[in-house]
Amino acid sequence: MDIFEILNRLEGVKGGGGQWSARCPAHDDRHNSLSLSVGADGRVLLRCHAGCHAGDITAALGLTVRDLFADRPPVRPRAAAVYDYRDDAGKLLAQKLRYPDKRFTWRRPTGGGQWVYDRKGLPNRLYVAGELGGLVHIVEGEKDADSFHALLGGCAVSGADGAGPGKWRREYTEQLRGLPVVILPDNDAVGRAFAQETAAALHGAARSVRVADLAGIWPDIPEHGDLSDLLAAKGPRETARLLLELERETPQWQPPSLPPAEPDPLLSLFKSLSDFPEEEAKWLIPGWIPEGQIALLAADGGIGKTTLWCHIIAALSSGKSCILDPPGFTRKAAKVLFLTTEDSVRKKLRRKLRVAGADMDRIFTPDFAGDRSGVLRRLKFGTPEMERVLRSVRPALCIFDPVQGFTPPKVNMGSRNEMRDCMAPLLSIGEEIGTASLVVCHTNKRKGAAGRDRIADSADLWDIARSVLMAGYTEDQDVRYLSNEKNNYARLQQTLLFRVDGEGQVQREGTSWKRDRDYVAGAEIARSAPKREACKAFLLQTLEEAGGAMPAAGLEEKARTAGYTFASIKRAKKELKAEGTIKHFQTGSAKSGDKTWHMQLVNPDGFVEVQEDEPTPFDGPVPV
């Protein structure tokens, strides 16, 4: 048997020029695993790349291995049709040969009447029946293109690979640029989809695009029916009439309308400044706690933070004024929510709020003691549970005491921006439903610290808060202060002075312009004054015992041995000098290397100051 007889028995045959591929019949082949060629002796050569043996392949074809050996030279079957593919100048580029069994082969001219049977390196070109120009009809195959041209004249074209996804090439669009086009797809899903793909590719490039439907002129068209089928069914004359009618009735193709795009949730939040209304800040407590924002209350332990916020929420719930309100200010009673993990509601807070005059029906708090399932442990900043609670209660103010009790466990409070990220939802929810948040935290013991540096654990708390309140003790016994340290929406308020009475209630004592820094510095000075006075007395006594003067280094060494710190000695000497009680002088010189500074009492009885170059009685060992 020759190669073409064997090829006729195979499926998916591709290739030419002595090399072919096909689906192997000996296994379930979907990717043309079988290669075929012809040997020098005319023998058909088979190779399955999946590993099937030649005997299994021939058996699957109803043949034997012996049938692969030709007893006569192979005869190439005659092509049923030949289609010329040419460039714009009319030069022949390639021919597509269609055989009676509907197989196709490509060949390229090499000169001298010789051909190479493959398609390698050929540009993507349309098959053109007629002259390319005027109205162009696009059909699905060369046979239909020739039939249309023979029937109606004009120009008909088809792609080299028929219809299917991705088979319309960019080069085809360029060939038809500026020309009016009518697309005549086959009557099947593949053809209709290919027509839409082609129309979309030509839209804006061709002068006009129309997609015709053969079913409009042939209601009984069969599935997969095409122009050749119409011609066979209706005859040339009727087919020509119907095609002209279809061409007149087919409207211009329009791209399918797309559903409106969903707005981008991120980009939709960006607006021009003219879209933002100007609004005045609203206050829950004028000048101190802004409505819908975060405020911070910070103090050392034992100052009375809980007493302060209980006083505030008692006033809000009952519609009464609190010590932070300006004179004559009135308010409506409002709902309040407090969340605390420190004090017991039953043992302490209920009584404190009742004595403060709170409206118990307007104050809400979770029952941590009654939580057997642990659901309240998920009540943290930034969690869905927290948002659900706030949206359900919709309080005017929510207290969080302390901040650590409601910080998610994986958040590092000391890490920059982590607290800001988890607390940011309080701002968005608060502005939406009008809930202000008062977050309670401790201050640290750092010397010389003030403002945001005094906030324990996280400077983020200071940054995200719109108002910061800091409390502590004044220099007056039992008088405490509440200082407005930061205020984004108003000038800083005067510092409030208050006491806590025997019932644990807040009583106003007045105001001051001193701030937290001033009170902390004053307390530090007050704590250090007794120690410094004792150090001053020690220095004076030691000088008297030494005869009124002695080397400064020896005096400082005696003071340190007595337990005084370097800072205390330095401050004591500075004050004694400023008071005119002591002064310094030197003996020796830097040049001779025996320069020594001395400290002496000012005008001690019987003491006479010596000149720099005179010997002194202090050159010897330090008196003890």
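Preceding this section is the structure that the text describes.
Described in the following lines is the structure provided in the data block. (Residues numbered from 1 in each chain as written. Predicted model: local features only at pLDDT ≥ 70, side-chain atom pairs only at ≥ 80, totals over all residues. Heavy atoms only, no water.)

1. Examining the packing of aromatic side chains
Next up, step 1: What the rule picks out here adds up to 12 aromatic pairs.
Next up, step 2: Note on Phe-4 and Trp-20: the rings are 5.8 Å apart at their centroids and 80 degrees apart in plane angle, and the pair reads as edge-to-face. With Phe-4 in helix H1 (residues 3-7) and Trp-20 in strand E2 (residues 19-23), this pair connects stretches of sequence that are 16 residues apart.
Next up, step 3: For Phe-4, a relative accessible area of 8% corresponds to the buried category. (Phe/Tyr/Trp six-rings, centres within 6.5 Å; stacked < 30°, edge-to-face > 60°. Helix = DSSP H or I, 4+ residues; strand = E, 2+ residues; numbered from the N terminus. Buried < 20%, exposed > 50% of the residue type's maximum accessible area, 1.4 Å probe, protein only.)

2. A short note on the state of the cysteines
Next up, step 1: As enumerated under the stated definition, the model contains zero disulfides in all.
Next up, step 2: Here Cys-24 is not cross-linked by a disulfide; its sulfur's nearest cysteine counterpart is in Cys-48, at 3.7 Å.
Next up, step 3: Overall, the relative accessible area of 3% leaves Cys-24 in the buried class. (Disulfide = S-S within 2.5 Å.)

3. Points about the sheet that holds strand E27 (residues 596-601)
Next up, step 1: One open sheet holds the three strands; their spatial order is E25-E27-E26, and the pairing between them is antiparallel. The open sheet terminates on both sides in strands that have one partner only, identified here as strand E25 (549-551) and strand E26 (582-587). Neighbour to neighbour, the strand axes of the sheet diverge by 30 degrees on average, direction disregarded.
Next up, step 2: Across six bridges, the pairing between E26 and E27 is antiparallel. Opposite Thr-587, over in E27, you have Thr-596 as the bridge partner.
Next up, step 3: Sheet strands touched by helix H13 (residues 552-561): E25 and E27. Its angle to E25, the strand with the most contacts, is close to 90 degrees. (Pairing = 2+ DSSP bridges. Axes fitted to C-alpha atoms, helices over the stretch in contact; angles between N-to-C directions. Contact = heavy atoms within 4.5 Å.)

4. A word on helix H3 (residues 142-152)
Next up, step 1: Along H3, the residues that are buried comprise Glu-142, Asp-144, Ala-145, Ser-147 and Phe-148.
Next up, step 2: Along its buried surface, H3 packs onto strand E5 (81-86), strand E6 (92-98), strand E9 (127-129), strand E10 (136-138), strand E11 (155-158) and helix H6 (227-249).

5. With respect to the pairing of strand E17 (residues 336-340)
Next up, step 1: Along E17, five of the five residues are buried, which leaves the element largely enclosed by surrounding structure.
Next up, step 2: Burial along E17 is two-sided: the residues Val-336, Phe-338 and Thr-340 and Leu-337 and Leu-339 are all buried.
Next up, step 3: Of the strand pairs in this sheet, E17 and strand E18 (residues 363-364) are connected by two bridges, and their pairing is parallel. Counted as the bridge partner of Val-336 is Ile-363 from E18.
Next up, step 4: Handedness of the crossover is the feature at issue here: the chain leaves E17, passes through helix H8 (residues 345-355), returns alongside E18, and the resulting connection is right-handed.
Next up, step 5: Bridge count between E17 and strand E19 (residues 397-401): five bridges; the pairing is parallel. The partner of Leu-339 across the bridge, within E19, is Phe-400. (Right-handed = clockwise from strand over helix to strand, strands pointing away.)

6. Points about helix H7 (residues 305-318)
Next up, step 1: The first and last C-alpha atoms of H7 sit 20 Å apart over 14 residues, in line with the 20 Å expected at 1.5 Å per residue.
Next up, step 2: Within H7, 13 of the 14 residues are buried, which leaves the element mostly enclosed by the surrounding structure.
Next up, step 3: One or two steps after H7, the chain reaches Gly-319, where phi turns positive at roughly 80 degrees. (Expected span 1.5 Å × (residues − 1).)

7. A word on the environment of Thr-511
Next up, step 1: As for its position among the elements, Thr-511 is in strand E24 (residues 506-512).
Next up, step 2: What makes Thr-511 partly exposed here is its relative accessible area of 37%.
Next up, step 3: On a C-alpha basis, the gap between Thr-511 and Phe-498 in space is 8.6 Å, while along the polypeptide they are 13 residues apart.
Next up, step 4: With sequence-adjacent residues up to four places away left out, Thr-511 is seen in contact with Gln-494, Thr-495 and Leu-497.

8. Quick look at the packing of H3 against H6
Next up, step 1: Two elements in contact, H3 and H6, have axes whose closest approach is 10 Å; the angle formed by their N-to-C orientations is 35 degrees. The chirality of how H3 crosses H6 is right-handed. Packed against H3, whose contacting residues are Lys-143, Asp-144, Ser-147, Phe-148, Leu-151 and Leu-152, the element H6 presents Leu-227, Ser-228, Leu-231, Pro-236, Thr-239, Ala-240, Leu-243 and Leu-244 at the interface.
Next up, step 2: When its residues are assigned to classes, the contact of H3 with H6 shows nine nonpolar, three polar and two charged. (Left-handed = near helix turned anticlockwise from the far one by under 90°. Nonpolar A, V, L, I, M, F, W, Y, C, P; charged D, E, K, R; others polar.)

9. Concerning the sheet that holds strand E1 (residues 11-16)
Hydrogen bonding along the main chain pairs the strands of a sheet, whether they run parallel or antiparallel.
Next up, step 1: Across the sheet, four strands lie side by side as E1-E2-E3-E4; this open sheet has antiparallel pairing. Whereas interior strands pair on both sides, the edge strands pair on one side only; in this sheet they are E1 and strand E4 (44-48). Going from strand to strand, the sheet's axes swing by 20 degrees on average, the running direction of each strand aside.
Next up, step 2: Bridge analysis of strand E3 (residues 34-38) against E4 gives five bridges, and the strand direction is antiparallel. The partner of Val-38 across the bridge, within E4, is Val-44.

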